[in-house]
Amino acid sequence: MEKKSKPPFYVTTPIYYVNDVPHIGHAYTTIIADALARFMKMNGREVFFLTGTDEHGQKVEKAAAEHGVDPKAWADRVVVRFFDLWKALDCEPDFFIRTTMELHEKGVQKLFQSLLAKGDIYKGEYKGWYCVSDENFLAEDIPLEKDGTKTCPDCGRKAQVVSEETYFFRLSAYQQRLLDHYRDHPQFVRPQSRMNEVTSFVRGGLKDLSITRTTVKWGVPVPGDPAHTIYVWFDALHNYLTGIGYDRDPELFAKFWPATVHLIGKDILRFHAVFWPAFLMASGLPLPDCVFGHGWWLKDEAKMSKSKGNVLDPSVLLKAMGPDPLRYFLLREIPIGLDGNFSHEGFIHRVNSDLANDLGNLVSRALTMIRNYFEGTIPAPGPEVPADAAIRTAFEETKERAVAQYEAYAVNKALEEIWAYITTVNKYLADNAPWKLHKDPALRPRLARVLRQAAGALRGTAALVAPVMPASAQKIWEYLGESGKVRDVRFDTLDFDAPGLGQSVRAPEPLFPRIDLKAFLADEPKTSKEIPMDEQKPTAPEAPVSAPAVPPAAPAPKTNLISYDEFARMELRVAHVLEAVKVEGAKKLLKLKIDLGTEQRQIVAGVAETYAPEQLVGKKFIVIANLQPAVIRGVESQGMLLAAVTGDKAAIPFFEADVPAGAKVK
Ligand SMILES: [Zn+2]
């Protein structure tokens, strides 16, 4: 029977805004894509991995002007930061697309023109809230304020309603086709919770989308109408086509389009799961298999601000340890769809326990014994006993399960399987105690078998971890005396009893440095700050009035008493309410503008079922001022008020006395 060949695998990251300083969020998405690409190659699929940068728009234009260079020269200068980070992280995209490339701009213009000819793009009038100072229309989801106006989120100035001529994409015509597609392809958006979110958004009705601006100059001009610039999403999303040879390399394009998976931060889900498939439907192109929205990482804030404490800064970590501990931690700690907490404890535990102890010690013990007992040559094995067969069988089963998990993008589960196997192998060595066998010359065939099994297990393990930790896997490979690259291994032919075993091993160096937990955590505050996985702000589910929407940064203390220091770290202040409005679509929530004496802030409070907005204006109460910001129903909350809560009712203790806004409460 002819073996069916596996389908090609095309994975993308979002194109990152070139003006951004790359952070752990960019790193996370790209590491996921890189690990999947490496795995799929080793699993026998043809792979294309695309990442890149979005280089158009006002921010680039503005930054360039500030530095006295033209926008392209500015982009050329700052894009290097991304090149450098991918290199440092061992991420190897097949192509790095920049939206300022001619191949991209031409492709976008061609796609625009063909939709214009078909009537899916038409010229009309766009009316929206416009910031004169920033020369920019506000995003449509910024809510109206009490006085019926909107404020620019970038500069805080009042916006005004302005109309301009624009080209629209006929998004409204695609509502039913999108819903049909979601129904027929339940895996189109993952995880499932995000699919529900997208479906209900589209059911709510779709308006045509303004896709050009006359106020933005730095971008792709509309063909034949250069006063108009093609606006961010129509420009940016099409990189997934132009990056794979659209209108330029038909063979490459035919092989890899449609994409297998677009990896994205959950904040840009709507663009990828609604606008993008509609653009593709309009162009008559097949839709990607899957849009996968990954979660956000939370990260210690105080640590980063301490002079000695910026060790978890990715660039510092990378310099000290190389990319593998970070790659392993990010991929092992959480499933790709969920949020995670970048805590010191978690990171150090993974490095010390999983990497240094479990894997690192296994490598060094096994190889050292082969070197000491068999002059560095993996021995020809003596007869096999059931325990030896079991270690082989366990490998075959681990391989099968890990491969299935990788295929399902459950990298954390693949790693769990592999680490369970590493534990089994460590136990096998402990049970068979080669250091004791060595003492009795009569047991030499038995000793040879045990070490041979260990070498086979290590060899297989190196291949299985290679997608996640390419550099360490290659080192283990070379320590075992293997020639060539572990990345060239194919899982379907990866055998426990490889014919190559029998060669000479090399002296292993410690693979993973242990981190001293105490030195690391000395005087360690436990606050955490949410950092977005992309340039956009993260969103959190609607939070009750009494709980912030963040997971704890540290294990819960053993008692429910807090120390005085812990209490003292909480900054309680008097807030004076300046404005209060309902949060649209959330019956419990009010958005409050508060005065804290030295600054004004916005908080979201779950008190709308007890208080009408006008009842709160002018009132003074206590807020926790140093709570990390959270986004609740799309509205940022920079603090939390204190209230007694019973059922749906909340009672806020107001100040009767005349206290100044911002006064400390202790
Ligand atoms: Zn503004």
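What you see is a predicted model; the values in this text were computed from it and never measured. Numbering of residues starts from 1 in each chain and follows the order in which that chain's sequence is written. With pLDDT at 70 or above as the cut-off, local features in this predicted model cover only qualifying residues; side-chain atom pairs require 80 or more to be listed or tallied, and sums for whole chains, interfaces and linings still use all residues. No hydrogens and no water enter the side-chain calculation; it runs on all heavy atoms of the structure.

Our next topic: the overall build of the chain. Secondary structure assignment for the chain yields 22 helices and 25 strands. A burial count over the chain gives 53% of its 666 residues as buried. We call two residues in contact whenever any of their non-hydrogen atoms come within 4.5 Å of each other. Considering only contacts in the chain between residues 6 or more positions apart, those separated by 24 or more positions represent 75%. Per-residue accessibility takes into account occlusion by the displayed protein chains alone, with areas from the Shrake-Rupley method and a 1.4 Å probe. Approximately 29,600 Å² of the chain is accessible, and the part contributed by carbon and sulfur atoms is 54%. Only runs of H or I of at least four residues qualify as helices and only runs of E of at least two qualify as strands under DSSP, and these elements are numbered from the N terminus. Three exposure classes are used, based on accessible area relative to the maximum for each residue type with a 1.4 Å probe and protein chains only: buried under 20%, partly exposed in between, and exposed over 50%.

Our next topic: unusual backbone geometry. Cis geometry marks the peptide bond from Arg190 to Pro191, where omega comes out at -5 degrees. Positionally, Pro191 belongs in the loop between β7 (189-190) and α6 (192-203). In this chain, Trp257 is followed by Pro258 through a cis amide linkage whose omega measures 5 degrees. Even without being glycine, Asp90 reaches a positive phi, approximately 60 degrees. Its identity is not glycine, yet Asp247 carries a phi of approximately 65 degrees, on the positive side. Along the polypeptide, Asp247 turns up in the loop between α8 (239-242) and α9 (250-256).

A separate point is helix α5 (residues 175-184). Within α5 the residues assigned to the buried category are Leu178, Leu179, His181 and Tyr182. Looking straight down α5, one finds its buried side chains confined to an arc of 160 degrees; they lie on one side. Directions pointing from the helix axis toward each C-beta atom define the arc.

Another aspect to go through is the packing of helix α13 (residues 324-333) against helix α16 (residues 411-432). Packing of α13 against α16 leaves a shortest axis separation of 7 Å and a crossing angle of 105 degrees. It follows that α13 is roughly perpendicular to α16 by the angle criterion. Note on element contacts: α16 touches α13 through Val411, Asn412, Leu415, Glu416 and Trp419, opposite Tyr328, Leu331 and Arg332. Gly is put with the polar residues, along with every residue not named as nonpolar or charged; the nonpolar set is Ala, Val, Leu, Ile, Met, Phe, Trp, Tyr, Cys and Pro, and the charged set is Asp, Glu, Lys and Arg. Taken together, the residues of the contact of α13 with α16 break down into five nonpolar, one polar and two charged. Each axis is a line fitted through C-alpha atoms, and for a helix only the stretch in contact is used; angles between axes span 0 to 180 degrees, taken between their N-to-C directions. To sort the angles, those under 35 degrees are grouped as roughly parallel, those over 145 as roughly antiparallel, those from 65 to 115 as roughly perpendicular, and the leftovers as oblique.

What follows covers the side chain of Asp225. As for its position among the elements, Asp225 is in strand β11 (residues 225-230). A relative accessible area of 16% means that Asp225 is categorised as buried. Here a polar contact means two N or O atoms within 3.5 Å. Within protein one must be a hydrogen donor candidate and the other an acceptor candidate, and residues neighboring in sequence count only if both atoms are side-chain atoms. At a separation of 2.5 Å, a polar atom in the side chain of Asp225 contacts the side chain of Tyr167. With residues near it in sequence (within four places) discarded, Asp225 still touches Lys123 and Tyr167.

The two faces of a sheet get side chains in turn, since along a regular strand they alternate between them. When DSSP locates at least two bridges between a pair of strands, those strands are taken to pair. Examined bridge by bridge, strand β4 (residues 121-131) and strand β6 (residues 160-169) share ten bridges and lie antiparallel to one another. Bridge pairing in β6 places Lys127 opposite Ser163. Where β4 lies against strand β5 (residues 136-137), two bridges are found, and the strand directions are antiparallel. Among the inter-strand pairings, Tyr130 is bridged to a residue of β5, identified as Phe137. In textbook terms, the turn of a hairpin is the stretch between consecutive antiparallel strands, and for β4 and β5 this stretch comprises four residues, one of which, Glu135, has a positive phi near 50 degrees.

By convention, a stacked pair of Phe, Tyr or Trp rings (six-membered ring in the case of Trp) has centres within 6.5 Å and planes under 30 degrees apart, an edge-to-face pair has planes over 60 apart, and any other such pair is tilted. Counted according to the given criterion, the structure contains 32 aromatic pairs. Between the aromatic rings of Tyr16 and Phe82, the centroid separation amounts to 5.8 Å while the plane-to-plane angle is 5 degrees, which identifies the pairing as stacked. One end of the pair, Tyr16, is in strand β1 (residues 9-17); the other, Phe82, is in helix α3 (residues 71-88), and 66 residues separate them in sequence. One exposure class covers both Tyr16 and Phe82, and it is buried. One aromatic cluster in this structure is built from Tyr10, Phe48, Tyr240, Tyr246, Phe253, Phe256, Trp257 and Trp276. In this scheme, Lys NZ or Arg CZ marks a charge over a ring once it lies within 6 Å of the ring centre and within 35 degrees of the ring normal. The positively charged end of Arg213 is found above the aromatic ring belonging to Tyr126, 4.9 Å away from the centroid.

Here we take up the sheet that holds strand β19 (residues 600-605). Each strand in a sheet pairs with its neighbour through backbone hydrogen bonds, running either in the same direction (parallel) or in the opposite one (antiparallel). Strand order across the open sheet formed by five strands is β19-β18-β17-β20-β23, with antiparallel pairing between neighbours. Each edge of the open sheet is held by one strand with a lone partner, namely β19 and β23 (640-641).

Turning our eyes to something else, we now look at the sheet that holds β5. As summarised here, the arrangement of the four strands in space is β5-β4-β6-β8, forming an open sheet in which the pairing is antiparallel. Edge positions in the sheet fall to β5 and β8 (209-210), since each has one partner strand and no second. Of the pairings in the sheet, the one linking β6 to β8 comprises two bridges and is antiparallel in character. Directly across from Phe168, in β8, lies its bridge partner Ser210.

What follows covers the packing of helix α1 (residues 24-42) against α13. To characterise two packed helices, one gives the angle between the axes of the helices and the distance between these axes. Viewed as axis vectors pointing N to C, α1 and α13 meet at an angle of 90 degrees, and their least axial separation amounts to 10 Å. Accordingly, the angle class assigned to the pair α1 and α13 is roughly perpendicular. Between α1, through Ile24, Tyr28, Ile31, Ile32, Asp34, Ala35 and Arg38, and α13, the contact on the second element is made entirely by Leu326, Arg327, Leu330 and Leu331. Among the residues forming the contact of α1 with α13, the class breakdown is eight nonpolar, no polar and three charged.

Purely spatial values, then, with no claim about function.
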